[in-house]
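# Structural features, examined
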Amino acid sequence: MERVKQFKAPKQSLGELKPDQVASLIAAAADVSLVLDDAGVIQDLAFGSDELSMEGYGQWLGKPWVDTVTLDGRVWSVVGQALGRYRHPG
């Protein structure tokens with residue numbers, strides 16, 4: 001399995017970006033980008049295409065992420081691992 005290649009000097013390369021610029025980069029890099037709070041509730045979201053933004057997913061705002069996904073084993077496993085790895089201690 002290939003590992004993700006990280007930037008060697010992210011502060012030097014990206015440190016001067018403004019929040020709006022970072023948000024644009026994140027939205028362009030993925031079909032759907034979600035911002036979750038510590039409880040897993042969707043606080044913000046962005047879509048990489050106009051088609052996706054018109055599908056009604058905006059209704060996800062304020063809902064627990066777990067209520068928006070199907071329990072497909074592969075997706076659940078990958079996202080669950082990511083949430084566990086990046087969740088800040090309470």
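Residues numbered from 1 in each chain as written. Predicted model: local features only at pLDDT ≥ 70, side-chain atom pairs only at ≥ 80, totals over all residues. Heavy atoms only, no water.

## Thoughts on the overall build of the chain
We apply this condition: Segments assigned H or I by DSSP are reported as helices when at least four residues long, segments assigned E as strands when at least two residues long, and all are numbered from the N terminus. Residue exposure (1.4 Å probe, protein chains only): buried if accessible area is under 20% of the type maximum, exposed if over 50%, otherwise partly exposed. Any two residues having at least one pair of non-hydrogen atoms within 4.5 Å are treated as being in contact. Surface accessibility follows the Shrake-Rupley procedure with a 1.4 Å probe radius. Residue values consider only the protein chains on display as shielding.
Tallying secondary structure elements over the chain gives four helices and two strands in all. Secondary structure elements in the chain, listed N-terminal to C-terminal, are α-α-β-β-α-α. In the chain, buried positions account for 11% of the 90 residues. Within the chain, contacts between residues separated by at least 24 positions form 19% of all contacts whose residues are at least 6 apart in sequence. Accessible surface, the chain: about 7800 Å² in total, of which carbon and sulfur atoms supply 55%.

## As for the confidence of the model for the chain
Detailed reading of the predicted model is not advised wherever pLDDT is low. Note the cut-off: Scored from 0 to 100, pLDDT records how confident the predictor is in each individual residue.
In the predicted model, the chain carries a mean pLDDT of 75, and 72% of its residues have values of at least 70. With pLDDT under 50 throughout, residues 86-90 is counted as low confidence; its partners more than four residues away or in other chains account for three contacts.

## Here's the deal with the side chain of Ser33
Quick note on the threshold: In the analysis that follows, any N or O atom pair within 3.5 Å is treated as a polar contact, provided that within protein one partner can donate a hydrogen and the other can accept it, and provided that, for residues neighboring in sequence, both atoms belong to side chains.
Relative to the assigned elements, Ser33 resides in strand 1 (residues 32-36). At 3.4 Å, the side chain of Ser33 forms a polar contact with the backbone oxygen of Ile26. Once residues within four sequence positions are removed from consideration, Ser33 is found in contact with Ile26, Ala27, Asp44, Leu45 and Ala46.

## Observations concerning a nonpolar patch on the surface
Operational definition: Patch definition: residues above 30% relative accessible area lacking any salt bridge, with like charges linked at up to 9 Å and the nonpolar side chains Val, Leu, Ile, Met, Phe, Trp and Tyr linked at up to 5 Å. We define a salt bridge as a side-chain nitrogen of Lys or Arg found within 4 Å of a carboxyl oxygen belonging to Asp or Glu.
A grouping of Phe7, Leu14, Leu17, Val22, Leu25 and Ile26 is seen on the molecular surface, where their side chains present a nonpolar patch of about 520 Å² in accessible area. The biggest single contributor to the nonpolar patch is helix 2 (residues 19-29), with three residues. Its location among the elements puts Phe7 in the segment before helix 1 (10-14). Here Phe7 falls in the exposed class, since its relative accessible area comes to 57%.

## What to know about the pairing of strand 2 (residues 42-47)
The two faces of the sheet receive side chains in turn, since in a regular strand these alternate between them. Put simply, the rule is: Whether two strands pair comes down to DSSP finding at least two bridges between them.
Note that strand 1 and strand 2 share five bridges and pair antiparallel. Along strand 2, the bridge assignment pairs Leu36 with Ile42. Linking two consecutive strands that pair antiparallel, namely strand 1 and strand 2, is a turn of five residues; a positive phi of about 85° is found at Gly40 within it.

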